[in-house]
Amino acid sequence: MVKAQVDCAVRQLCRLIAEGGRQDLTDAQLLQRFVAHHEEAAFAALVERHGRMVWGVCRHLLRHEQDAEDVFQATFLLLARKAASIRKGQSLGSWLHGVAYRAALRARRDVARRREHERKAATMPRVKAQPELDWREVQALLDEEVQRLPEKYRAPFVLCCLEGETLATAARRLGWKEGTVSGRLAQARKQLQRRLTRRGIALSAALCAGALARAAAAVPPALVGTTIKGALRVAAGQSLAGGWVSANVATLVEGVSKTMLRTRLEIATALLMAVSLAVGGVGMLTHRALAEKPGTVTEGLAAPPAPPAAEEPPRQPQRAGPAKEARQGKTAAGAVPRTDEEPMTVAGRVLAADGKPLAGASVAVLRWANEAITPEPLGTAKADDKGRFAIKVTRPSPASLVGSMEFVALAGLANFGVGWCALDAAAKQHDVEVRLAAEQPIRGRLVDLEGKNAAGVQVHVVRVGKNLPGKPLIYLPVGGKDPAAWPGPVTTDDEGHFTLRGLGADLATVRVKVKDDRYCRLTSDFRPREKAQAELRLLLEPARVLEGVVTRADTGKPIARARVFAGPPVNASRTGDYFFGEPFEDSEGITDEEGRYRILLPAQRTFWVTAAGPASDPCLTAITGVIWPSGKTKHQTDLSLDPGVLVRGTVTEETSGRPVAGARILYKPLKQDSGQSVDVDHARNVRPPEFVVSGADGSFVTAVPEGSGHFILTGPTRDYIYAAVPRSRFTADDGFGGAFYSPERHYVQGYVPLLNLAAKDRPQEVKATLRRGVAVTGTVIDTDGKPAGDVWMTSRLLLPPPPIPYLQPMPYIPQPVRIVDGRFELHGCDPKETYQVFFLDPRNKLGAYSEISVKKAAEMPVSVRLAPCGQAVLRVVDYLDRPPDGFRGRVCLVVTPGLSPSVDFFEGQAAKQGRGWAHEVDLFRLAAGVPNFGRDDQKRFTYRYLIPGATYRLDYQLGQKFLHKDFTVKSGELLRLPDIILPEEGGRP
Amino acid sequence: MTLPNDPWAPFEPTTKDPWDLRKVGHLHRRAGFGATWTELRRDLNDGPEASVARLFAPTEPTADEREALDTLRGALNDVQRLKAWWLSRIVYGTDPLREKLTLFWHGHFATSIRKVQSMPRMLRQNETFRRHALGEFAGLLTDMISDPAMLVWLDGNANYKGNINENFGREFLELFTLGIGNYGEADVRAAARSFTGWVEVTGGTDGAAESRHNPAEFDDGEKTFLKQRGNWNSADMVRITLEQPACAEFLCRKLYKFFVSESAAPGDDLIRPLAERFRSHGYSVRHVMGILLRSRHFYDQAVYRQRAKGPVEFSAGLVRSLGLAHGDVRLLALAAACDRQRQALFAPHNVKGWDGGRSWFHDSVAVLERGNWVADLVWGNPDLGQQPFDPLAWAERQGVPGGKVAEALLDVTLEADLSETARSMILDAAATGTANGLRQALQLALHYPAYQLA
């Protein structure tokens, strides 16, 4: 039945296109036909006309195709629903762009929440950003700016630039004169150009007709069919709740539909979306900044790296994950016991694809901390005659600040492709099998732009990816010192030829990198299968060298050992602050005694350059934009660093007074006009150093901009108590805007409240303390009294460490932690407090809620007994007892009581002082991906695996109201929640 | 069948008017981008017929050269690289006549990336010019009607049944085929109607530029074009237009200006006989260029150095005539130098292309930049990654006898055709025989006014 309808729609579409007849009709005429006669072909023509643009918007904002498809469908279903009410004379392209944009933002927020869980669940494979992300980010920004254009400019821009129509066609569609279209289009481009330039993006080429339309990918044909079919159902008055669209699509349609209706809500939602955009954007940036930096490789576990010498340039946060910083700190301190790592054994066998053991294979265990893209090799071994190996390494202990951690065992052998298998980060013992596919040598050639063969150039394999059945692509990037198991670099011969070994035909993607000072850095991705016959040919451009002198702005004297690096201008937040793309790989230089630096850049036209003073001579970090002069291979840019206000400080433990080494100290200046925290002072193009780490005696020195700001401190481990600090101690803003996730309290281990600093002859002195908490250990036992096997635990003690830069709006969502042997540890506990801790074993449907008094725990071992979970059933109907059309509800576990971030925001409660947001954890997240929510029929929802005694919160919308309802279930109970009856106008917005 | 005083009769060397270095240099500057010292010697030795014939039968590039060029073509991610790709063909290619004609057609069908905004479209157009460079004009003209870059440039894609856009139709007649005065307004309209239906197709898997004819948008009504009535389409436009003697004359005048002389407009007595042969040979460019480059008139003293070198001829020509090897010149720097001298490839000033002639020297910055390029190439420029020119290594490569290096440099730059004062000044500079002395001499020679002329 469905198939027949799709076929029919596609047939009609084909006919329509073949006839070309309806191309003459305006959008309004087509819409009118659809409204009046439910004419499928008319709707199909509209999808054909605008689908590519809408698809583009979806793809720019959403990384996953499935999410993009949902938004695409939702957008056109909304069109079907609103067809009759679209204003005459309004440009449909522009309308659809707006709807798609809003729906995509909404979906992105939902997705971010959902994906967060999936990602953090330790066994889930990594989902990496797709390679075209940069361009996509730019496109997303463009979409955003397009939305800010006045309608009269937006309409022609969408038609001509996003949909690739000619001026004449646009004129016909809009019913304007061609001159008018071209004039307004020019205006639109001008405005966009100005705005985008302000955001650091030069897009002149993309702003021209057709460029973006060309860049847009085709809409998947099946999606077109489904969408048209759906539109007809909507037109026929069918409810979205009928199960014929996915819940996500239905939710989106309802969500966006509502924001279109209500002005007050519109503002709130826009704000919400703005925030979520900022969060998404910055999160991604920070993530990637942390990620792409090479050089976190250490020599092995036995010798932890030495603490930074006083004269060393300041360490960039990207250079090392928090775990490593913490280790360095402790090594320096000596006095503080080391608690952040514990041993782990990885044993197993290396086998050929046919199961034969591979003697002599090289094996390495690698780990990624906190989503870094560059892994750390932890230990290596060689397989014995039976292909067996065993490697002792370490994994982070519960006291570690490391948020997420992934491990793989990697194996390689001559004449075989590299192979690997993922390790369960929670387990201390591993017995694994790594299979190696047959090798497929890849031949390639490097030529330079002048047509010369590039001889003697090293080609490195830096990433490989595999398509595993039922799992997404896995990337295994390696940089710096590669373990023996990894395919080694090769050098080109006199004719520029090279052959890559150690890659199997089973790989889906390989990334190679050319790193040679004579040429611009080059990375290239290819599919080994496609290169089995053809040669891989790469073009090298002459190196681009940026040179200059770094001086102090006050004395004009050169600064030695300043760190200079460059990166692309990419991003901006809604608050008007610029953010910078991650630095280019390998584009880092240190100034010599005369303050001179020299860095190599990729073949890019515009970028920013940053210079940061050395730790011994703290200065504000200077930033400057550079446009590379065409044809040049060398360019000069000098930077002068503002000394700012010199601040000296110490970090000590509160009661003992002992110095704390290895604490991270971040400074956040306030924007003078708005009182909001910012990263970069754009008036002066400076920023404070990104963070400093306290030395062995707990001291630190840094420079900060004049004016207001505050320090935030994070200890080297979780052993320090997270305190809830009222937001008013830090900022002077209204607690709205950028602070959506945390208007009232911040969770930090230490801080120095709002300061107002002016440059003086003497350095300013600050003192900061961290309060050392105690550790609580305990056991979780199952119903038989045995240690529970596989349990997820969460608590507000498990908040993630503050990101860098920390004050980007961040969701304070506790991280679920996996327990495999029944023993759990909680660190940084306040001895006076009682903590609510939640345990769930979703596979065995067991759970426990425990209020752990730290004082009591010190006297008596804590033991938590799991009990069978409860369930809750919710019935939702509309006012005529029919299945609800677009009910939007969500249930989450309340980890800390408080306001509901997703409900109270809309009800204006955020302004109420003294009440903080609750810490909520999504049901799905806690259950580590085990489906725990379902729709029984069209009216009944069941929430499964609820922890007995824990508070759950149902957020939902009733008509125009956003509500929440808290409930608890007893062990084994099936709780019937009171029915929700949607009011008349809510049933059909 | 040539008349005794036919200016297009082949040049025959005589003792009074011999085949000399000046003529060899002239041929290479006009038909290509200059010749190396070795090539000049060879052609001086081989005589005019062999020299011209060689231009029409170039050697094939080596597999290595082709591969290098293909690699660059496959990595065209910005317009400077696109320019570098073409300049690479101009500087190192084995078929300079074809490249020179490609540059001619680029100026004739002047299309700019500033409006077209697509490298695949510009690349495709450039390759179309190159493919048809020496072919029959009808083929090139036909391809230009549906060329994706041209469809954007002159709004062909906004020209459809019921909404006639005359931009392409007008330029087709005014700039591409007949010239002003040989058609009326009604013809423009009829042409524009006949060209309807061509649309530039966006997308494509590899981003290649394409176009297609959409019959639904084609105006198939009756039109009267150049006094002929019928339901004409674009093929008819090409056919009817090429039937006009004015078309051949118009094109021959443009070829004359580009290849023979800019200083005086040729009279009908010169152009008509050439145009007749062009038309009677199916508008074969190869044929007309063969006549032109072999003719008495082409080697006449009256047309010698009667063209201003354009920036590409000047800058790339210098590289080519010095016979620099791959890697000795930075192609991106060369592209930027041409830009600064006001000849940005793929971005002609307007629909009429580059004005040429004296206009190159109207902009004092552009003139200064010619000097800068000479200095960069002769003395090197670390900011461009450009090594200094090595005159001694050059002399060895070219087989110049020892002690004759300065003279050879004068041969290759000015065919030794300069005033005695200038000559002795330059040779004085090189008297030491050191690399720097020779560089100084070369720089002086390149600043000699005649070097600005082709």
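Residues numbered from 1 in each chain as written. Chains lettered and ligands numbered in written order. Predicted model: local features only at pLDDT ≥ 70, side-chain atom pairs only at ≥ 80, totals over all residues. Heavy atoms only, no water.

J.: Give a description of the interface of chain B and chain A that names residues and reports values.
T.: At the interface, 37 residues of chain B touch 27 residues of chain A. Summing the contributions of chain B and of chain A, the shared interface buries around 2,800 Å²; its carbon and sulfur component is 51%. Per-residue buried area on chain B facing chain A is highest for Thr71, Gln117 and Asp383 of chain B; these three make up 19% of the total on that side. At the boundary of chain B and chain A, one finds 5 salt bridges. Among the salt bridges present, the one from Glu450 of chain A reaches Arg330 of chain B, with a minimum N-O distance of 3.0 Å. Put simply, chain B and chain A have 13 residue pairs in polar contact (both at pLDDT 80 or more) between them. (Contact = heavy atoms within 4.5 Å. Buried area = accessible area lost by both parts, 1.4 Å probe. Salt bridge = Lys/Arg side-chain N within 4 Å of Asp/Glu carboxyl O. Polar contact = N/O pair within 3.5 Å; in protein donor to acceptor, adjacent residues only side chain to side chain.)

J.: Describe the side chain of Arg439 of chain B, with residues and values.
T.: Residues and elements named next belong to chain B. As for its position among the elements, Arg439 is in helix α23 (residues 435–447). Asp390 provides the closest opposite charge to the buried, unpaired Arg439, separated from it by 5.0 Å. Polar side-chain contacts of Arg439 include one of 2.7 Å to the side chain of Asn436. In contact with Arg439, not counting residues within four places along its chain, are Val378, Trp379, Pro388, Phe389, Asp390 and Pro391. (Helix = DSSP H or I, 4+ residues; strand = E, 2+ residues; numbered from the N terminus. Buried < 20%, exposed > 50% of the residue type's maximum accessible area, 1.4 Å probe, protein only. Lys, Arg positive; Asp, Glu negative; His and termini not counted.)

J.: Report on a nonpolar patch on the surface, specifying residues and quantitative values.
T.: Residue and element names in this part refer to chain A. A cluster of nonpolar side chains, Tyr879, Leu880 and Ile981, forms an exposed patch at the surface whose accessible area comes to about 300 Å². The topology assignment puts Tyr879 in the loop between β44 (870–878) and β45 (889–896). By relative accessible area, which is 38% here, Tyr879 ends up partly exposed. (Patch = residues over 30% accessible without salt bridge, like charges linked within 9 Å, V, L, I, M, F, W, Y side chains within 5 Å. Areas by Shrake-Rupley, 256 points an atom, 1.4 Å probe, with all protein chains shown as cover.)

J.: How would you sum up the sheet that holds strand β37 (residues 791–795) of chain A? Please name residues and give values.
T.: Within a sheet, each strand pairs with its neighbour through backbone hydrogen bonds, oriented either parallel or antiparallel. Residue and element names in this part refer to chain A. With antiparallel pairing, the 5 strands of this open sheet are ordered in space as β38-β37-β40-β41-β43. For this open sheet the edge positions go to β38 (817–819) and β43 (867–868), each flanked by a neighbour on one side alone. Taken together, the 4 bridges between β37 and strand β40 (residues 834–841) define a ladder with antiparallel strand orientation. Among the inter-strand pairings, Thr794 is bridged to a residue of β40, identified as Phe838. (Pairing = 2+ DSSP bridges.)

J.: Give me the lowdown on the pattern of salt bridges, citing residues and values where you can.
T.: Within this structure, the stated rule accounts for 72 salt bridges over all chains. Here Arg772 of chain A and Glu653 of chain A are joined by a salt bridge, their closest N and O atoms 3.2 Å apart. Separated by 119 residues along the polypeptide, Arg772 of chain A in the loop between β35 (764–770) and β36 (774–781) and Glu653 of chain A in strand β26 (residues 645–653) bring together distant segments of the chain. Between Arg272 of chain B and Glu249 of chain B there is a salt bridge, with the nearest N and O atoms lying 3.1 Å from each other. Of this pair, Arg272 of chain B sits in helix α15 (residues 268–280) while Glu249 of chain B sits in helix α14 (residues 245–259), and the two are 23 residues apart along the sequence. Note on Glu249 of chain B: relative accessible area 18%, which makes it buried. Through salt bridges that share partners, Arg875, Asp881, Lys939 and Asp979 of chain A make up one connected network.

In short, geometric facts, not functional conclusions.
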